[in-house]
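Observations on the three-dimensional arrangement
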Amino acid sequence: MEARLIQQQEVKLALTKELTQAIELLQYSMLELQTFLHEQALENPFIELKEKPFFSHHPRESTKKLGGIENVSAFKKTLAEHLLSQLIGMKLSSEERRVLDYLIASLDENGYLHASCQEVADRLHVRMPIVERALALLQSLEPAGVGAQNLQQCLYLQLIRLRERNELAETIVTHYFDSFIQKDWKLIAKQLHVDLHQIQQAWDLIRTLHPKPGSLYNDHEMNYIVPDVIVTCHEGSWNVVMNDDIVPELVWNESYEKKITRFCDEQTTKYVKEKHHQFQWIRRCLEQRKEMIKQVMLQLIEKQKDYFEKGPLYIKPLTMREIAEALNVHESTISRTVRNKYVQTPYGLVEMRQFFTSGVATSFEEDASQTKVKAIIQQLIAEEDALKPLSDQKIAQVLNERYNVQIARRTVAKYREQLNIPPAAKRKRYA
């Protein structure tokens, strides 16, 4: 063998820092994009973010414009502040007040107390009767159910404070709670000598109670899902509008540039040139991101025309490869584009990923999408007779006979569980 030096020319795509940044920008969610822009404004002194009044100062108006996503009012007081305000004027010993303060501080965000009386007594070095009296006082405050150690006790504390007491509901929660939530009602009815209709009434009453009373006073900031794209129909034509109002505008600070370039030294000029190049690159990336999202959305409307014209039941199987081929880009580009992006449609707010779904075998030439089958299952259960709910086998039969969708009972069960819908036995009502 002979060792030789060979010169060979080849072209390789190098992932520069700017190219990597462009790829990251494409996959950013709206919140991630806003965070990124603010970071760039801090790093580059020439970049200003011009917040749009619609986005930054009028959140309630913005939610109306975006299709009815309404702000939810929250209590101004925290749970602890609300409870402490109810203690004002009460005659309490110093030990009782100390225990109460500790109990209130120990509540979780749902209003539950996970420490036992013995644990509190040992930690604070006080007698058990004092802790028990303090806990009883805490559990008598508003909201009803606060200070409970579990869901069962929370519901019971609310039941005993109802204006019209329900003895059966109190008995069931106290002694038959596990069987009750598992809907083993026939056993309860037999042991309590009542009929199933009475247990159904108790169930309806208990469902009106609040399982997490403390959450009513959470002071956490509400997070809203805001659409990146808004799709509307006007005179039979579909319009795709980018929701630019929620993205702050990048502006070059010319006044600061004039101020700093007065020195006219080579180092300063180079610095300003670099920062301006960075500014222009980010703006181009934002425009490319915007255009790619819009083009993908237009393709989705074309491929899923029946969905937009008739509703979610008419969604078809669709892969990202189909959209990638139509736009002449790589499949990974489509994946990044739809990641954590939302679109406001005539049928509500939808994650863009939901338009891509695999198929389920049918007797039609075209397959039905899993999303469509799940929507049908959800509709069938919503319209069922609650006194005679549909079994998974019956749903599979209806899908075959009415929609020509052939799937097994176990597949129906899997889809139903993914929709967080309980089985027929737990959906059944007794009048």
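The structure displayed is predicted, hence computed values, not measured ones. (Residues numbered from 1 in each chain as written. Predicted model: local features only at pLDDT ≥ 70, side-chain atom pairs only at ≥ 80, totals over all residues. Heavy atoms only, no water.)

Observations regarding the overall build of the protein
- Helices and strands together make up the secondary structure of the protein, namely 22 helices and 8 strands.
- Buried positions account for 38% of the 431 residues belonging to the protein.
- When contacts within the protein are restricted to residue pairs at least 6 apart in sequence, those whose partners lie at least 24 apart make up 62%.
- Carbon and sulfur atoms form 50% of the exposed surface of the protein, whose accessible area is close to 26500 Å². (Helix = DSSP H or I, 4+ residues; strand = E, 2+ residues; numbered from the N terminus. Buried < 20%, exposed > 50% of the residue type's maximum accessible area, 1.4 Å probe, protein only. Contact = heavy atoms within 4.5 Å. Areas by Shrake-Rupley, 256 points an atom, 1.4 Å probe, with all protein chains shown as cover.)

As for the packing of aromatic side chains
- This structure, assessed with the given rule, holds 14 aromatic pairs.
- Plain terms: the ring middles of phenylalanine 46 and tyrosine 256 are 5.0 Å apart, the flat faces sit at 50° to each other, and that makes the pair tilted. Of this pair, phenylalanine 46 sits in the loop between helix H2 (30-43) and strand E1 (47-50) while tyrosine 256 sits in helix H14 (residues 254-260), and the two are 210 residues apart along the sequence.
- Plain terms: the ring middles of phenylalanine 308 and phenylalanine 355 are 5.4 Å apart, the flat faces sit at 15° to each other, and that makes the pair stacked. In this pair, phenylalanine 308 is assigned in helix H16 (residues 305-310) and phenylalanine 355 in the loop between strand E6 (348-351) and strand E7 (359-360), connecting sequence segments 47 residues apart. There is no split in this pair, since phenylalanine 308 and phenylalanine 355 are both buried.
- Three or more aromatic residues joined by ring pairs make a cluster, and in this case those are Phe46, Trp252, Tyr256, Tyr271 and Phe279.
- Over the face of the ring belonging to tryptophan 203 we find lysine 183, whose NZ or CZ atom lies 5.0 Å from the ring centre.
- Positioned above the aromatic ring of tyrosine 430, the side-chain terminus of lysine 428 is 5.2 Å from the ring centre. (Phe/Tyr/Trp six-rings, centres within 6.5 Å; stacked < 30°, edge-to-face > 60°. Lys NZ or Arg CZ within 6 Å of the ring centre and 35° of its normal.)

Quick look at the layout of surface pockets
- Taken as a whole, the second largest pocket holds about 370 Å³ of empty space.
- For the second largest pocket, the lining is made up of 16 residues, of which Asp244, Val247, Leu286, Glu287 and Lys290 are closest to its centre.
- When residues of the lining of the second largest pocket are traced back to their parent elements, those giving at least two are H2, strand E4 (249-252) and helix H15 (266-303).
- By residue number, the principal contributor to the lining of the second largest pocket is H15, which donates 5 residues. (1 Å grid on protein atoms, 1.4 Å probe; cavity = no way out; pocket = protein on both sides within 12 Å on 5 of 7 lines; lining within 4 Å. Points joined across faces, edges and corners; volume = space filled by probe spheres on them.)

A short note on the confidence of the model for the protein
- On average, residues of the protein carry a pLDDT of 83, and 85% of them reach 70 or more.
- Note on residues 54-75: pLDDT is under 50 here. Beyond four places in sequence and across chains, it has 34 contacts. (pLDDT = per-residue confidence, 0-100.)

Considerations on the packing of helix H17 (residues 320-327) against helix H18 (residues 331-338)
- At a minimum axis separation of 8 Å, H17 and H18 run at an interaxial angle of 110°. Taken together, the axis directions place H17 and H18 in an arrangement best described as roughly perpendicular. For the pair H17 and H18, contact is made by Met320, Arg321, Ile323, Ala324 and Leu327 and by Glu331, Ile334, Ser335 and Val338, respectively.
- Per-class residue counts for the contact of H17 with H18 are 6 nonpolar, 1 polar and 2 charged. (Axes fitted to C-alpha atoms, helices over the stretch in contact; angles between N-to-C directions. Parallel < 35°, antiparallel > 145°, perpendicular 65-115°, else oblique. Nonpolar A, V, L, I, M, F, W, Y, C, P; charged D, E, K, R; others polar.)

Here we look at the packing of helix H10 (residues 167-175) against helix H13 (residues 196-206)
- The geometry of H10 relative to H13 is characterised by a closest axis approach of 9 Å and an angle of 80° between their N-to-C directions. Our classification of the angle between H10 and H13 gives roughly perpendicular. Contacts between H10 and H13 involve Leu168, Ala169, Ile172 and Val173 from the first element and Gln198, Ile199, Ala202, Leu205 and Ile206 from the second.
- Here the contact of H10 with H13 is built from residues that sort into 8 nonpolar, 1 polar and no charged.

Some thoughts on the sheet that holds strand E2 (residues 229-234)
- If you walk across this open sheet you meet the 4 strands as E3-E2-E5-E6, and the pairing is mixed. Looking at strand neighbours, the two that pair on one side only are strand E3 (237-242) and E6, the edges of this open sheet. Each strand of the sheet is rotated relative to its neighbour by a mean of 25°, with strand direction disregarded.
- Sheet topology places strand E5 (residues 342-345) next to E6; 4 bridges connect them, and they run antiparallel. Note on E6: the bridge partner recorded for valine 343 is valine 350.
- Across the sheet, H15 lies against E2, E3 and E5, angled at about 155° from E3, the strand it touches most. (Pairing = 2+ DSSP bridges.)

As for the side chain of glutamine 158
- Turning to its location among the elements, glutamine 158 is positioned in helix H9 (residues 151-159).
- Not counting the four nearest positions on each side in its chain, glutamine 158 is found in contact with Ala144, Gly145, Leu209 and His210.

Focus on the pattern of salt bridges
- Per the counting criterion, the structure on display carries 14 salt bridges.
- Lysine 275 serves as the salt-bridge partner of glutamate 43, at 2.8 Å between the closest nitrogen and oxygen. Note that glutamate 43 is positioned in helix H2 and lysine 275 in helix H15, a separation of 232 residues in sequence.
- The class for glutamate 43 is partly exposed, based on a relative accessible area of 41%.
- Judged by its relative accessible area of 11%, lysine 275 falls in the buried class.
- The residue aspartate 244 makes a salt bridge to lysine 290 at a minimum N-O spacing of 3.0 Å. With aspartate 244 in the loop between E3 and E4 and lysine 290 in helix H15, this pair connects stretches of sequence that are 46 residues apart. (Salt bridge = Lys/Arg side-chain N within 4 Å of Asp/Glu carboxyl O.)

Quick look at the pairing of E2
- As paired elements, E2 and E3 share 6 bridges and run antiparallel to each other. If you follow valine 231 over to E3, its bridge partner there is valine 240.
- A loop of 2 residues connects E2 with E3, the two strands running antiparallel in sequence, and glutamate 235 in this loop sits at a positive phi of about 55°.
- Two elements, E2 and E5, share 2 bridges in a ladder whose sense is parallel. Pairing of isoleucine 230 across the sheet is with glutamine 344, part of E5.

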